[in-house]
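# Commentary on secondary and tertiary structure
Here is what each chain is made of, one letter per residue.
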Amino acid sequence: METPLVVIAGRPNVGKSSLFNRLVGRRQALVADQPGLTRDRQDAVCTLGGRLVRIADTAGLEEAPPESLSGRMRAGAASILEQADLIVFVVDARAGILPPDAHFGTWLRRLGRPVLLVANKTEGRAGYNNALDAYTLGLGEPLSVSAEHGEGISHLMSTIAEMLPAPAAPEEGSEHADVTDGLKPLRLVILGRPNAGKSTLVNRLLGEDRMLTGPEPGITRDAITLPLHDADGRSYQLVDTAGLRRRARVQDDVEKLSTGASINAMRFAEVVVLVVDAADGLHDQDLQIARLVEREGRAMVVALNKWDAVEDRDATRKAVADRLERSLAQLKGIPVVTLSAVTGANVAKLLPAVRAVHDTWNKRIATSALNRWFEDAISQHPPPAVQGRRLKLRYITQANARPPTFVVFGTRAEATPEDYRRYLVNALREVFVLPGTPIRLDFRGTVNPFSDKG
Ligand SMILES: Nc1nc2c(ncn2[C@@H]2O[C@H](COP(=O)(O)OP(=O)(O)OP(=O)(O)O)[C@@H](O)[C@H]2O)c(=O)[nH]1
Ligand SMILES: [Mg+2]
């Protein structure tokens, strides 16, 4: 049997995302005291009352024309509600029961799915009295909680578990088939400026209109994690994020939260796809994002999107490649895939490129091969003298992968100047074919500097 699905619903700003975070036990969804903050559905699998449960947070149910942004958000919420094994209908006890609550209450009753009524924000006496108000919805006894203060949550958890359909006895041999895959999903985070086409690309990869998209910049607000399986059976944890603008321009609080969520997602990534609007060209902000990715040690692929809208393709391709090469010395050889998320052209090339940089990022090079190269490299171009004394670099070893990290040992090795370090990194990248990944190179002096005056 599939993991049962619990969907949290209610009008905007009643505290659905806070409740979602309480139930899944971490701060996954953005929370702020502003109606309409959640736009795309947050999903998480967690354990409630000893049962594995999938929980979905939804955008607030608003009355809005279907073609508007809120109308499209509502359509997304409605389709998941129809699949729910249990709907947790949240009302705001502090605000009392308002006409939209009553309206949606009626709608939910007609839907015929099991509903658990939850009165949130019940801390304090007024909250308690107002919770009683919720009886008028005709959805049974409201369960009082305060998501913000963490009150009533464990009772809520066990009530949810009790209301779910009983788990079916496991069928022999089934169900485990897809767990034995062995490979962990590759954590792939999509970053880029607002309106670059990130969500359109994500929908294209998924083959489903899962994320809201549109010509208004700043549509996506929260980082949304989505499971994806490619044609070769490789699985991914795909994360769509809110567009990143230059910090000086980020003024409102929601954008600050959204930007924070994008950066956090990037820190958990293995590979980042930087989506660039090719019709608009490579901006400084794109390079800044790339530098951030390098600093955090993630591998990277550039998706040059909206290729369908580019007139002079050769010139555009060359301009972007030149700019990347010149401006990102620390991350040379980033693979660039030109594609169109809207038409789907060339999108099939993206995941193979992602897997290739992922392999590179994970690569381990044998110490013997490294040192054969190293001897050559330092005899061709000997390390300089520092304060009148030659540096004695003796050997190199790979200390770590993800990203590839090397250590050079030698007498006073730690005094190696930056340009010599860069020479070694570039040579390493070329000889061992390590494009699109940061390379770390450290230097360690020998333990006792007097034991070897060579
Ligand atoms: N011509 C063309 N338009 C595209 C392409 N991909 C996306 N767009 C359009 O670009 C606009 C922005 O797309 P989104 O996917 O919402 O962009 P986003 O990067 O997710 O934007 P935010 O979430 O606001 O950061 C929409 O109007 C898309 O239809 C493409 O390949 N070609
Ligand atoms: Mg988006």
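Residue numbers restart at each chain and count upward from 1, following the sequence in its written direction. Numbering of ligands from 1 and lettering of chains from A proceed in the order in which they are written. With the structure being a predicted model, the display of local features is reserved for residues of pLDDT at least 70 and the display and counting of side-chain atom pairs for 80 or more, all residues being used for whole-chain, interface and lining totals.

### Some thoughts on the overall build of the protein chain
A helix here means a DSSP run of H or I that spans at least four residues, while a strand means a run of E at least two residues long, and both kinds are numbered starting from the N terminus. On a plain count of helices and strands, the protein chain comes out with 12 helices and 17 strands. Taking all 454 residues of the protein chain together, the buried fraction comes to 39%. Working definition of a contact: two residues with C-beta atoms, positioned from the backbone, lying within 7 Å. Pairs at least 24 apart in sequence give 69% of the contacts found in the protein chain among residues at least 6 apart. With C-beta atoms placed from the backbone, a residue is buried if 20 or more other C-beta atoms are within 10 Å of its own, exposed if 12 or fewer are, and partly exposed between those counts.

### Observations regarding the site of ligand 1
By nearness alone, 24 residues border ligand 1, and Gly197, Ser199, Thr213, Thr220 and Gly243 come closest of all. Examining the composition of the shell around ligand 1, we find that 3 residues originate from one element, helix α6 (residues 198–206), more than from any other. Only Asp, Glu, Lys and Arg are considered charged, only Ala, Val, Leu, Ile, Met, Phe, Trp, Tyr, Cys and Pro nonpolar, and every remaining residue, Gly among them, polar. Of the residues in the shell around ligand 1, the class split is 9 nonpolar, 12 polar and 3 charged. Each residue receives a C-beta atom built from its backbone; the residue is near a molecule or strand if that atom lies within 6 Å of it.

### Let's talk about the sheet that holds strand β10 (residues 271–277)
Sheet strands associate in pairs through backbone hydrogen bonding, adopting either a parallel or an antiparallel arrangement. Read across the sheet, 6 strands follow the order β8-β9-β7-β10-β11-β12 without closing on themselves; strand pairing throughout is mixed. Only two strands of the sheet have a single partner each, and these edge strands are β8 (224–229) and β12 (336–338). Taking each pair of neighbouring strands and ignoring which way they run, the sheet shows an average axis angle of 25°. Taken together, the 6 bridges between β8 and strand β9 (residues 235–240) define a ladder with antiparallel strand orientation. Across the sheet, residue Leu228 finds its bridge partner in β9, namely Tyr236. To obtain an axis, a line is fitted to C-alpha atoms, over the contacting stretch when the element is a helix, and the angle between two such axes runs from 0 to 180 degrees between their N-to-C directions. Running at roughly 175° to β10, helix α8 (residues 284–295) makes contact with β7 (186–192), β10 and β11 (299–305) of the sheet. Strands β7, β10, β11 and β12 of the sheet are contacted by helix α10 (residues 350–362), whose axis makes an angle of about 160° with β11. Two strands qualify as a pair provided that DSSP identifies no fewer than 2 bridges between them.

### Comments concerning the pairing of strand β4 (residues 86–92)
With respect to burial, β4 is a largely interior element, 7 of its 7 residues being buried. Side-chain alternation along β4 places Leu86, Val88, Val90 and Asp92 on one buried face and Ile87, Phe89 and Val91 on a second face that is also buried. Bridge count between strand β1 (residues 5–9) and β4: 4 bridges; the pairing is parallel. Its bridge partner being in β4, Ile8 is matched across the sheet by Val88. Pairing of β4 with strand β5 (residues 115–120), which is carried by 6 bridges, proceeds in the parallel orientation. Across the sheet, Val91 pairs through a bridge with Ala119, a residue of β5.

### Digging into the sheet that holds β4
Spatially, the 6 strands line up as an open sheet ordered β2-β3-β1-β4-β5-β6, and their pairing is mixed. Taken across any chain shown, the strands that pair with only one partner, and hence form the sheet edges, are β2 (42–48) and β6 (143–144).

### Quick word on the nonpolar core
Leu274, Met300 and Ala303 are the most contacted members of the largest nonpolar core, which has 92 residues in total. Per the annotation, domain bounds derive from an automatic or database assignment of domains. Shared between two domains, this core holds at least three residues of each, these being domain 1 (5–163) and domain 2 (189–358). What Leu274 contacts, discounting residues up to four positions off in sequence, is Leu191, Gly192, Asp286, Ile289, Ala290, Met300, Val302 and Ala303. Each nonpolar core consists of buried Ala, Val, Leu, Ile, Met, Phe, Trp, Tyr and Cys residues. Their C-beta atoms, within 7 Å, join them into a set. Membership of the second largest hydrophobic core comes to 12 residues, among which are Leu393, Leu424, Leu428 and Leu434.

### Re α10
Look at α10: 19 Å from first C-alpha to last across 13 residues, which is about the 18 Å you get at 1.5 Å a residue. Those residues of α10 that are buried are in contact with β7, β10, β11 and β12. By this rule, a helix spans an expected 1.5 Å times one less than how many residues it contains.

### Things to note about unusual backbone geometry
Look at the link from Arg402 to Pro403: it is a cis peptide, with omega at -5°. Looking at where Pro403 falls in the secondary structure, it is placed in the loop between β15 (392–400) and β16 (405–411). One non-glycine residue with positive phi stands out, namely Lys121, at about 60°. With respect to the secondary-structure elements, Lys121 resides in the loop between β5 and α4 (125–133). Positive phi, normally seen in glycine, also occurs at Val433, with a value near 55°. For Val433, the location among the structural elements is in the loop between α12 (418–431) and β17 (440–445). Judged by local crowding, Val433 falls into the exposed class, with 10 C-beta atoms found within 10 Å.

### Re the environment of Gly333
With respect to the element layout, Gly333 can be found in the loop between α9 (313–327) and β12. By C-beta crowding, Gly333 is classed as partly exposed, having 17 other C-beta atoms within 10 Å. Along the primary structure Gly333 and Met300 are separated by 33 residues, whereas in three dimensions their C-alpha atoms are 9.8 Å apart. Those residues in contact with Gly333 that sit more than four places away from it in its chain are Arg429, Pro435 and Gly436.

### Structural notes on the environment of Arg295
Relative to the elements of secondary structure, Arg295 occurs in helix α8. Classification of Arg295 as exposed rests on a count of 11 C-beta atoms within 10 Å. Considering only alpha carbons, one finds Arg295 and Pro438, 143 residues apart in sequence, at a separation of 8.0 Å.

### Things to note about the confidence of the model for the protein chain
A residue-level look at the protein chain finds 87% of positions with pLDDT of 70 or above and a mean pLDDT of 85. Low pLDDT, under 50, characterises residues 170–182; the stretch is placed with 2 contacts to residues that sit more than four places away or in other chains. What pLDDT conveys is the predictor's confidence in a given residue, as a value from 0 to 100.

### Some remarks on the environment of His149
The residue His149 is located in the loop between β6 and α5 (153–163) in this model. Along the chain, His149 and Arg22 lie 127 residues apart, while their C-alpha atoms are 9.8 Å from each other.

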